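Each chain is listed here by its residues.
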Amino acid sequence: MGENAVVVEGVSKRFRVTLDRPLSLKEAWTGLRPGSGRSFRRVRSEPFWALRDISLEVPRGSMYGLVGRNGSGKSTLLRVMAGIYRPTEGRVEANGRTSALLELGAGFHPALSGRENIYLNASVLGVPKSQIDDRVEQIVEFAGLEEFIDSPVKIYSSGMYVRLGFAVAVHVDPEILIVDEVVAVGDEEFQLRCFSHLESLRSQGVTIVLVSHDLGMLRANCDQMAWLNRGLLAAVGDPQDVVNAYLDTIDTEGAASVGHRPRSDTEGETPLRITNLEFFDGAGHRPKSFASGDPLVVRIHYSASEPVEDPVFSLGFYDHNNLHLAGPRSHVDGFRPGKVDGEGWVEFRLLRIPFRSGAFHVNAAVQDSDASFLYDRRAREFWLQISGEPDPQANGLLNLEGDWRAGV
Amino acid sequence: MKGSAGGVGRLGSMRWSWAALTNRGGVLEIWGYRELIGRLVQRELGSRYKRSVLGWLWSMLNPAATLAIYALVFGVLLKFDPPRAGNGRFDNFALYLFCALVMWNAFYGVITGAMSALLDLGSLLGKVYFPPEAPAVAALLTVLFQAAIEASILMLILICLVNVSWTFLLWPVLLLFLAIFALGIGLVLSVWNVRYRDVGYLSTIVLQFLFYVTPIVYPLSLIPERAMGLPVRDIIRLNPLSQFTEASRELLYGLDWPGLLRLGLMALISLAVGAGGWLMFKVRTRDIAEEL
């Protein structure tokens, strides 16, 4: 069997982006599409390489993290590992029963009930019925779906889908578990439960391959990581190194790409956009990481296509488990920016950073003057790195900077 | 199950050992997914037989109605003459028809079942791996179950009429050959059905045509030797399906056995079509997860 659970060897994956495919036998035989009057035999497809020459080894019993921007090929790689896609070139070897949790509701059939889907999924993974009979109640309880388990899954909310999908995937005794960033959909309590379950599976020797945007979590928990960039393997190895290399490019690329393509929550037209977020220290520099207790300035860059009166700016600080730590809002703090138009920025200043070491993500949002309409929001995109070894003497996430006194 | 989780190698590079055949992508990997197929069959049968008040009687309504209609139109109104039954004591058009109709129902059921099964469960293939032929095989088993019920009723009636012989024992073998034959065709059509949206309509028309160029509602002897300058009877006889319906009538109604040569020929045809369809399906569905 060897010591590797998954071996990926020189894997490339090409998709045919089919622009104009015959949709019926009639079209395929005559070579004509009614109405267009022209043949589409020539322009049939345009190859798109989602993965190019990827080689990596996932050691048995390890937790392996994958990072990369959207569209970098992470999900394709997971599908190739799970055997759903066939590599165009190269070879994948998965030694052990593989259970994959890709996108919402893993392999659910919408018309079947939750219970039937549990059995269907278990049988797809080759788990004998007798074994799954014992597990069903456990799965239902883990997913918290006691009331809905006999209803068809098409009526489930996306949260219920994910909970059931996760519960099934981890309760079928996988030897290799492949998890896409789906877990992020559940509520925080469920995410924590998922994560502690993944931990316990790993301690039982299950190999886990994980995609996430939660860099702090990956760095803290993975044994190894790989970073995919536009289908190429950009870095692989020690989590700390991979995360740092990845953060470096996010910084530079992020700054470069802001001008032409901001990634925002609100698609389409909005009069006011957040174009960037920058972190400065007390001296006006932009260090890669900060120390706990340092001063911090968060600068929110905006771009207004028309004048907006007194918008409300807000920030959200989150730890790697997506726990909301703080959420300063300009109108609550008594700050009114006046009329904004064109490009500009707003700053939030902090005398001393209260966070202990780790990676924190900072969300930014802008709303109208009475905070009822959301103009723009950018989430899980900007990372604040607080460096330093965790102090074994200190507990918790924050330094409260109180003092102690005694009395009788 | 152990084998099926093995290498995700390419079909071409596989060595021909039992392990390679049952590995992922191997021709016989379906064996590792017995559990899944059993589950699919159970689901299909469960929804068909459990949820309605009349139970499985309800599922016999459609074949019974078809039988009644054809018997009325062709036997009573058009007065097609059935040959004498094997025991020489009676002739009955409905029973004569039923013997062939059981075969046709199975053929039709396997083909349409395979086509809709892949479309129905195919969306799962993008999320979790299983051999894409599994739904079709489950559909096949479901149809065989239905055919077994129909055949049992038919045989029971024939036994009551004291028209019974050892040839009855050969009938399940014949059904098996037919099932393999139909599965081969159904698998190929199911891939096309995913790719081209008009395959469903076209196959309905072709199947309807096939129904009438197969001796089911008429005895082969009713067809003239030549019509429109063509040897029509020989053409219809050459239709492989005719062999199955005729042999079914001989075994159950005529209590005659078709002979080793014809049985061997049917076995050969069904195995060739079944294996050919299966292989083609395996090759064509290697990237099916991307297409659905």
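Every value quoted in this text rests on a predicted model; they were computed, and no experiment measured them. (Residues numbered from 1 in each chain as written. Chains lettered and ligands numbered in written order. Predicted model: local features only at pLDDT ≥ 70, side-chain atom pairs only at ≥ 80, totals over all residues. Heavy atoms only, no water.)

Asker: What is the right way to read the packing of aromatic side chains from this model?
Answerer: How two aromatic rings sit relative to each other is given by the distance of their centres and the angle of their planes. Residues and elements named next belong to chain B. Enumeration according to the criterion identifies 22 aromatic pairs over all chains in this entry. A centroid spacing of 5.9 Å and a plane angle of 45° characterise the contact between Tyr 70 and Phe 74, whose relative ring orientation is tilted. Residue Tyr 70 and its partner Phe 74 are located together in helix α3 (residues 56–77), separated by four residues, close to a single helical turn. Across the pair, exposure class does not vary: Tyr 70 and Phe 74 are buried alike. Ring centres 6.2 Å apart and planes at 50° place the aromatic pair Trp 166 and Trp 257 in the tilted group. Pair noted here: Trp 166 is in the loop between α5 (134–160) and α6 (171–195) and Trp 257 is in the loop between α9 (240–252) and α10 (260–284), with a separation of 91 residues, a long-range link. By relative accessible area, Trp 166 is classed as exposed at 52%. Three or more aromatic residues joined by ring pairs form one cluster here, namely Tyr 70, Phe 74, Phe 80, Phe 93, Trp 104, Phe 107, Tyr 108, Phe 181, Phe 211, Tyr 212 and Phe 244. Its end group placed over the ring of Tyr 96, Arg 249 keeps NZ or CZ at 3.9 Å from the ring centre. (Phe/Tyr/Trp six-rings, centres within 6.5 Å; stacked < 30°, edge-to-face > 60°. Helix = DSSP H or I, 4+ residues; strand = E, 2+ residues; numbered from the N terminus. Buried < 20%, exposed > 50% of the residue type's maximum accessible area, 1.4 Å probe, protein only. Lys NZ or Arg CZ within 6 Å of the ring centre and 35° of its normal.)

Asker: So what exactly am I meant to see when it comes to the interface of chain B and chain A here?
Answerer: Interfaces are often sized by the amount of accessible area the parts lose when they come together. Taken together, the contact between chain B and chain A spans 33 residues of the former and 39 residues of the latter. Buried surface at the junction of chain B and chain A, both sides included, amounts to about 3300 Å², of which 57% is carbon and sulfur. Our count for the contact surface shared by chain B and chain A stands at two salt bridges. Residue Arg86(A) pairs with Asp287(B) through a salt bridge whose shortest N-O separation is 2.7 Å. On the surface where chain B and chain A come into contact, there are two residue pairs in polar contact (both at pLDDT 80 or more). Put simply, the parts of the chain that give the side of chain B that touches chain A at least two residues each are α2 (34–49), α4 (93–121), α7 (199–212) and α11 (288–291) of chain B. Considering every element that reaches the side of chain B that touches chain A, the biggest residue donor is α2(B), with five residues. (Contact = heavy atoms within 4.5 Å. Buried area = accessible area lost by both parts, 1.4 Å probe. Salt bridge = Lys/Arg side-chain N within 4 Å of Asp/Glu carboxyl O. Polar contact = N/O pair within 3.5 Å; in protein donor to acceptor, adjacent residues only side chain to side chain.)

Asker: Mind showing me how you'd approach the side chain of Ser123(A) here?
Answerer: Within the secondary structure layout, Ser123(A) lies in helix α3 (residues 114–124). Looking at Ser123(A), its side chain comes within polar contact range of the main-chain oxygen of Leu120(A), at 2.8 Å. Setting aside residues no more than four positions away along its own chain, Ser123(A) makes contact with Tyr33(B), Glu35(B), Leu36(B) and Arg39(B).

Asker: Whenever I open this one, the packing of α4(B) against α7(B) confuses me. Can you help?
Answerer: Packed helices, taken two at a time, are described by the angle their axes make and the gap between the axes. Residue and element names in this part refer to chain B. In contact at an axis separation of 12 Å, α4 and α7 are set at 170° when each is read in the N-to-C sense. As far as their axial angle goes, α7 and α4 are roughly antiparallel. Every residue of α7 that contacts α4 at Leu 101, Trp 104, Phe 107, Tyr 108, Ile 111, Thr 112 and Met 115 is listed here: Val 199, Gly 200, Ser 203, Leu 207, Leu 210 and Phe 211. Tallied by class, residues from the contact of α4 with α7 come to ten nonpolar, three polar and no charged. (Axes fitted to C-alpha atoms, helices over the stretch in contact; angles between N-to-C directions. Parallel < 35°, antiparallel > 145°, perpendicular 65-115°, else oblique. Nonpolar A, V, L, I, M, F, W, Y, C, P; charged D, E, K, R; others polar.)

Asker: Can you walk me through the sheet that holds strand β7 (residues 207–211) of chain A in this structure?
Answerer: Each strand in a sheet pairs with another by means of backbone hydrogen bonds, the pair being arranged parallel or else antiparallel. All names here are of chain A. With mixed pairing, the six strands of this open sheet are ordered in space as β5-β6-β7-β3-β8-β9. On the outer flanks of this sheet lie β5 (98–101) and β9 (232–237), each paired with one strand and no other. Averaged over neighbouring strand pairs, the angle between their axes works out to 15° when direction is ignored. In the packing of helix α5 (residues 158–170) onto the sheet, the strands contacted are β5 and β6 (176–179), and the crossing angle to β5 comes to about 170°. (Pairing = 2+ DSSP bridges.)

Asker: I tried to follow the pattern of salt bridges on my own but got confused; where do I start?
Answerer: Residues and elements named next belong to chain A. One pass over the structure, following the stated rule, counts 22 salt bridges over all chains. As a salt-bridge pair, Asp 173 and Arg 135 come within 3.3 Å of each other at their nearest N and O atoms. On the criterion of sequence distance, the pair formed by Asp 173 in the loop between α5 and β6 and Arg 135 in helix α4 (residues 129–143) is long-range, its members being 38 residues apart. Note on Asp 173: relative accessible area 36%, which makes it partly exposed. One salt bridge connects Asp 376 with Arg 273, and the closest N-O pair in it is separated by 3.9 Å. In this pair, Asp 376 sits in strand β17 (residues 374–387) while Arg 273 sits in strand β10 (residues 272–280), placing the two residues 103 residues apart along the sequence.

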